[in-house]
Amino acid sequence: MRWYLRLLLLLSGVALVAAGLTGCSQRVVEGGKPTTSPTGSAHSSRAPASLPPGAVGVSPTGVTTRVDVPAESTEEEYFQACHAAKTWMEAQPPTGQSLLEPYLAMVQAAKSGAAGSWNTRWADLTPARQAAVIVAAQAATNSECG
C-alpha cells in the first residue's frame, strides 16, 4: 500500500514531479499548441485547448513530459502503467541516461496504444489520463511501482 500513498502524493503534485526530471528541458505549450514548432517530431501532445496556458510541458524533441492536471487512474491501472514502463525500461540497453523521455516518446508514438497507456492511443487519452501515464512512468524510473 506504500505505493498507493506515493500515488496520492504524486496526484496532488504532477507539476512538481515533472519539474524534478533530470536532463529534460521543458517547452511550454499554450492552448494546446507549442510556443515553438517541434523539429519534425511525431510525439507532440494533442491536449485540448481547454487546458490553461502552460499546462502542458513538451521537451525539445516534442515529447509531452508534463500535464498539469490531477492524474486519473485506479490503483490497479497505476500499477499496470508503472509495471509496463518498468518492464520496457529494463529491456533497454543501459546508457546511464534517464529512460523517462524515451519511454514517453514510445507511448506517445504508438499507433494503437501501449500497455503503459492501457492500450489507448496517447491522443485519445484525456489530459488527466495522460498525467497518470506520466506519473506512473516517473515512478517506474525510480523503481517505485509498489
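Student: For this particular structure, what's the right way to read the pattern of salt bridges?
Tutor: Once the charged atoms of two side chains with opposite charge are near each other, the side chains can pair. What the rule picks out here adds up to three salt bridges. A salt bridge links Asp68 to Arg66; the shortest N-O distance between them is 3.0 Å. On the basis of relative accessible area, Arg66 is assigned to the buried category, the value being 12%. One salt bridge connects Arg121 with Asp124, and the closest N-O pair in it is separated by 3.1 Å. Its relative accessible area of 34% is what places Arg121 among the partly exposed residues.

Student: Looking at this structure, I do not really get the pairing of strand β4 (residues 64-67). What am I missing?
Tutor: For a regular strand, side chains alternate in direction, first toward one face of the sheet and then toward the other. Pairing between strand β3 (residues 56-58) and β4: three bridges, direction antiparallel. Bridging across to β4, Val56 finds its partner in Val67.

Student: Got a minute to help me understand helix α4 (residues 100-109) in this structure?
Tutor: For an α-helix, 3.6 residues make a turn, and residues three or four places apart therefore share a direction. Counted residue by residue, α4 has seven buried out of 10 residues, so it is predominantly covered. Within α4, burial applies to Leu100, Glu101, Tyr103, Leu104, Ala105, Val107 and Gln108. Buried positions along α4 lie against β4, α3 (75-91) and α5 (127-141).

Student: I keep staring at the state of the cysteines and nothing clicks. Help me out?
Tutor: One pass over the full model with this rule turns up one disulfide. Covalent S-S linkage joins Cys82 and Cys145, the inter-sulfur distance amounting to 2.0 Å. A torsion of -85 degrees about the S-S bond marks the disulfide between Cys82 and Cys145 as left-handed. A residue pair is termed long-range when its members are at least 10 positions apart, and Cys82 in helix α3 and Cys145 in the segment after α5 qualify at 63 residues. In this structure, Cys82 and Cys145 share a single accessibility class: buried.

Student: Looking at this structure, I do not really get the packing of α3 against α4. What am I missing?
Tutor: Relative orientation of the contacting elements α3 and α4 amounts to 110 degrees, with a least axis distance of 10 Å. Put simply, α3 runs roughly perpendicular to α4. At the point where α3 passes α4, the crossing takes the right-handed sense. Together, Ala81, Ala84, Ala85, Trp88 and Met89 of α3 and Leu100, Pro102, Tyr103 and Met106 of α4 make up the contact between the two elements. Of the residues that constitute the contact of α3 with α4, the class distribution is nine nonpolar, no polar and no charged.

Student: Teacher, can you tell me more about the packing of aromatic side chains here?
Tutor: Here the distance between the centres and the angle between the planes together describe a pair of aromatic rings. All chains considered together, the criterion is met by one aromatic pair. Positioned above the aromatic ring of Trp118 is the side chain of Arg129, whose terminal nitrogen or guanidinium carbon lies 4.0 Å from the ring centre.

Student: Please clarify how the nonpolar core should be interpreted in this entry.
Tutor: One broad rule of soluble globular proteins: the nonpolar side chains tend to lie buried together. Membership of the largest hydrophobic core comes to 36 residues, with the highest contact counts inside it found for Cys82, Tyr103, Leu104 and Val133. Breaking this core down by element, the ones donating at least two residues are β3, α3, α4 and α5. By residue number, the principal contributor to this core is α5, which donates 10 residues. Leave out the neighbours within four places in its chain, and Tyr103 touches Ala81, Ala84, Ala85, Trp88, Met89, Gly116 and Ala137.

Rules used in this analysis
- Residues numbered from 1 in each chain as written.
- Predicted model: local features only at pLDDT ≥ 70, side-chain atom pairs only at ≥ 80, totals over all residues.
- Heavy atoms only, no water.
- Salt bridge = Lys/Arg side-chain N within 4 Å of Asp/Glu carboxyl O.
- Buried < 20%, exposed > 50% of the residue type's maximum accessible area, 1.4 Å probe, protein only.
- Pairing = 2+ DSSP bridges.
- Helix = DSSP H or I, 4+ residues; strand = E, 2+ residues; numbered from the N terminus.
- Contact = heavy atoms within 4.5 Å.
- Disulfide = S-S within 2.5 Å.
- Axes fitted to C-alpha atoms, helices over the stretch in contact; angles between N-to-C directions.
- Parallel < 35°, antiparallel > 145°, perpendicular 65-115°, else oblique.
- Left-handed = near helix turned anticlockwise from the far one by under 90°.
- Nonpolar A, V, L, I, M, F, W, Y, C, P; charged D, E, K, R; others polar.
- Phe/Tyr/Trp six-rings, centres within 6.5 Å; stacked < 30°, edge-to-face > 60°.
- Lys NZ or Arg CZ within 6 Å of the ring centre and 35° of its normal.
- Core = buried A, V, L, I, M, F, W, Y, C linked by side-chain atoms within 4.5 Å.

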